[in-house]
Structure formats: C-alpha cells, structure tokens
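# Observations on the model geometry
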Amino acid sequence: MTVALPSLAFAGIGLMGLSMCRRLLAAGYPLTVWNRSPDKCAPLVAAGAQQVATPAELCQAADLVLLCLADTAVVREVVFGAAGIVEGARGGQLLVDFSSLEPAATRAMAAELEARTGMRWLDTPVSGGTPGAEAGTLAIMAGGRAEDLQRVRPVLAHLGQRVTHMGAVGAGQVTKVCNQMIVACNALVIAEVVALAEQAGVDASLIAEALAGGFADSKPLQILAPQMAESRFEPVKWHVRTLLKDLDTAVKLSREQGRATPMSGLAAQLMRLHASQGNLARDPATLVQLYREEHP
C-alpha cells in the first residue's frame, strides 16, 4: 500500500530555501510556497509548486509549514503579522523553522503559537551552506518534542545527512549559535592567515592544500582560504550579514547566561567593522580585505 506523502508549505525562497524546495519537489512532496518577493518563487512554480499570496494561505492544505527566513524579526512578522501563519494555523499542523534565531524568542513564539492555534513548533536550524542545501547534506540540529521530530524525520532526510535532537524548543537554536561562533571566528582567523602569508611572501593559494588533513584543517579553511587567496568573491554563497547577526545572537545569549564569550565578542566587532564598509550582502571571503587594507 502506498502511503501518501505529507503536504508541505515553505516560506523563504532565498539562497538556502530555493535549493531545499527543489529537493522536496524532486522527492515528490506536494509543495506550496510563499516569499516576500514573489518573483523568487518562479523556478519552483515552474517545477510544480503552488504559490500563495500570504503566509496565512500556506496553512490551508499543509501538514507541515517550513520556514527559512532571515532573522528573528522576519520570522515573527511572517508568523504573527498581518495575514501571518497564526491566522491560518490549526492543531495537528507543525511549524518547522530552519532559520537561525534567538533561542529565547523562539521559545516565546512557539509557546504563543501553540496557545493561540494548537500548532506546535520545531526549531531545526541547519549548517552546511548552499552546497549542503543543494546536495542534501546539511547538518540539522533540532529543538522540540521527540514525537514531533520523529514525524518530520522522513522530510528532513531529503535535506540533511544528520538530524540531532538537542532537547526542547530552543535547543536547536542554542546549538546553531555554538556552530556559528566556531564558523565566524574560524573565518576571521583564516582571513588573517591568508593576508599574513601573502605579506610574508608565501603563495596563500597553497595554504588549504598544505594544511589538509592536519590539526588546523576544517571545512571553512578548505572553502574560504582558496577564495580569499584568489580574491574570488562571486558568486555570493552566503552573507557577511548572516555571520554578524549570529554573532550578535551569541553575545546576547552569553549575557543572558552570565557567561563570557570574549572571542565571539571580538569577532562580532570585527564583523561589524567589515559590514560597515559596504560588505553586508557580500560573501564572507571578503573578510580578507580587512587585513590586506591594514597591511598594504
């Protein structure tokens, strides 16, 4: 007997969302999409998705409503704003949020949505960038009820190579903050390394190859160091603004917990400096320019 696939709805057709939706369509899921800029949905509509005009309409036929949005404020607006998800949501539906948000705000929004509509919330932020989204190899860190996560695991299997249940709602977001602290600090020190190697007369394009498999190796090193050495900043695969937003979340979380995170605090300041020089929407590989300008 063939089991019908759950009907999916997706809000946020950006760099990540587009690739994730393509994979879900290819897997045969019925998919409804919405985006603040409607034209970004065109490739998905051409591939068989249905498009709606408001977030509330996403809930009409969906079992699961998936989000991949820019930040906490945008998620709050899409869920609770005019014609938001809260106006169409009902008990039995699940909201699955791939966005990277503030953990406390996630817990508050999840409680409000369930109290008002019966719709429950899973925070499932991802790591792996657009290559991971395209290949279905994302790392997914989940917060929420175990039975809710179990229900969506077959869908997540098309998007990620690994799904880890980290605890109650908000735990996925805490884990993503930890992930981004490591990624952002790594990106900044890789930029220092490339610029220093160049200044010292070493071919920086060989750094990633030279360190591969050693103790300093990492995915950020293998991706960013060659881009930085070659000044290859296009096409943009992710954004400086994303790392800045997540570092700010890390600093806020550390204050809430009464903990010191001095490395991430400094990284936030350096990222903000770089962003202020017209780099918010540019690729983090451009961070090397911070150090090249300081050491001409």
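Residues numbered from 1 in each chain as written. Predicted model: local features only at pLDDT ≥ 70, side-chain atom pairs only at ≥ 80, totals over all residues. Heavy atoms only, no water.

The protein chain appears in an unreviewed UniProt entry as NAD(P)-dependent oxidoreductase from Pseudomonas cavernae.

## Brief notes about the side chain of D246
Tracing the chain through its elements places D246 in helix 10 (residues 240-256). A residue is classified by how much of its surface remains accessible, and D246, at 5% relative accessible area, is buried. With near-sequence residues (within four places) excluded, D246 lies in contact with S100 and Q180. (Helix = DSSP H or I, 4+ residues; strand = E, 2+ residues; numbered from the N terminus. Buried < 20%, exposed > 50% of the residue type's maximum accessible area, 1.4 Å probe, protein only. Contact = heavy atoms within 4.5 Å.)

## Describing the pattern of salt bridges
Tallying each qualifying case throughout the model produces 9 salt bridges. Note that E114 and R145 form a salt bridge whose closest N and O atoms lie 3.1 Å from each other. With E114 in helix 4 (residues 103-117) and R145 in the loop between strand 8 (138-143) and helix 6 (146-156), this pair connects stretches of sequence that are 31 residues apart. On the accessibility criterion, R145 (37% relative accessible area) is partly exposed. Of the charged contacts, one joins R232 and E230 as a salt bridge, the two residues approaching to 2.9 Å between their closest N and O atoms. By relative accessible area, which is 47% here, E230 ends up partly exposed. (Salt bridge = Lys/Arg side-chain N within 4 Å of Asp/Glu carboxyl O.)

## Overview of the UniProt feature "domain: 6-phosphogluconate dehydrogenase NADP-binding" (unreviewed entry) in the protein chain
This chain's UniProt record puts "domain: 6-phosphogluconate dehydrogenase NADP-binding" (unreviewed entry) on residues 8-167. The span residues 8-167 is 37% helical and 24% strand by assignment, and the distance between its end C-alpha atoms comes to 24 Å. (UniProt positions renumbered as here; feature names shortened; annotations may be inferred.)

## Notes on the pairing of strand 4 (residues 64-67)
Taken residue by residue, a regular strand's side chains alternate between the two faces of the sheet. Judged by which residues are buried, strand 4 turns out to be covered on both faces: L64 and L66 on one side and V65 and L67 on the other are all buried. Note that strand 1 (residues 8-11) and strand 4 share 4 bridges and pair parallel. Its bridge partner being in strand 4, A11 is matched across the sheet by L67. As paired elements, strand 4 and strand 5 (residues 94-97) share 4 bridges and run parallel to each other. (Pairing = 2+ DSSP bridges.)

## Looking at the domain arrangement of the protein chain
Under the domain assignment, the protein chain is made up of domain 1 (8-168) and domain 2 (174-292). Measuring from the centre of the C-alpha atoms in domain 1 to the corresponding centre in domain 2 gives 27 Å. Every contact between the two is made by 15 residues of domain 1 and, on the other side, 14 residues of domain 2. Between domain 1 and domain 2 lies a buried interface of about 1,200 Å² when both sides are counted; carbon and sulfur atoms form 56% of it. With a closest N to O distance of 2.8 Å, K252 and E102 form a salt bridge. Our count for the domain 1 to domain 2 interface comes out at 7 residue pairs in polar contact (both at pLDDT 80 or more). The set of elements that each furnish at least two residues to the side of domain 1 that touches domain 2 consists of helix 4, strand 7 (126-127) and helix 5 (129-135). In terms of residue class, the side of domain 1 that touches domain 2 is made up of 9 nonpolar, 3 polar and 3 charged. (Domains from an automatic or database assignment. Buried area = accessible area lost by both parts, 1.4 Å probe. Polar contact = N/O pair within 3.5 Å; in protein donor to acceptor, adjacent residues only side chain to side chain. Nonpolar A, V, L, I, M, F, W, Y, C, P; charged D, E, K, R; others polar.)

## Regarding the side chain of H274
With respect to the helices, strands and loops of the structure, H274 is situated in helix 11 (residues 262-279). Looking at H274, the relative accessible area reads 1%, which means it is buried. Excluding residues within four positions of it along the chain, H274 makes contact with V240, N279, T286, L287, Q289 and L290.

## Side note on the pairing of strand 8
Counted residue by residue, strand 8 has 6 buried out of 6 residues, so it is predominantly covered. Here strand 8 shows a buried face lined by L138, I140 and A142 and a second buried face lined by A139, M141 and G143. Pairing geometry for strand 7 and strand 8, over 2 bridges, is antiparallel. Considered in strand 8, the bridge of S127 is made with A139. Across 6 bridges, strand 8 lies against strand 9 (residues 160-167) in parallel orientation. What sits directly across from G143, in strand 9, is G167. Read from strand 8 through helix 6 to strand 9, the crossover connection turns out right-handed. (Right-handed = clockwise from strand over helix to strand, strands pointing away.)

## Re the nonpolar core
Counting residues in each nonpolar core, the largest one holds 33 residues, and the members touching the most others are F10, M20, V33 and F98. Of all the secondary-structure elements, those providing two or more residues to this core are strand 1, helix 1 (15-26), strand 2 (31-34), strand 4, strand 5, strand 8 and helix 6. At 6 residues, helix 1 tops the list of elements feeding residues into this core. Not counting residues within four places of it along the chain, the set of residues in contact with V33 comprises F10, I13, C21, C41, L44, A49, Q50, Q51, V52 and L58. Formed by 32 residues, the second largest nonpolar core is a distinct cluster that contains V183, A191, V240 and L243. (Core = buried A, V, L, I, M, F, W, Y, C linked by side-chain atoms within 4.5 Å.)

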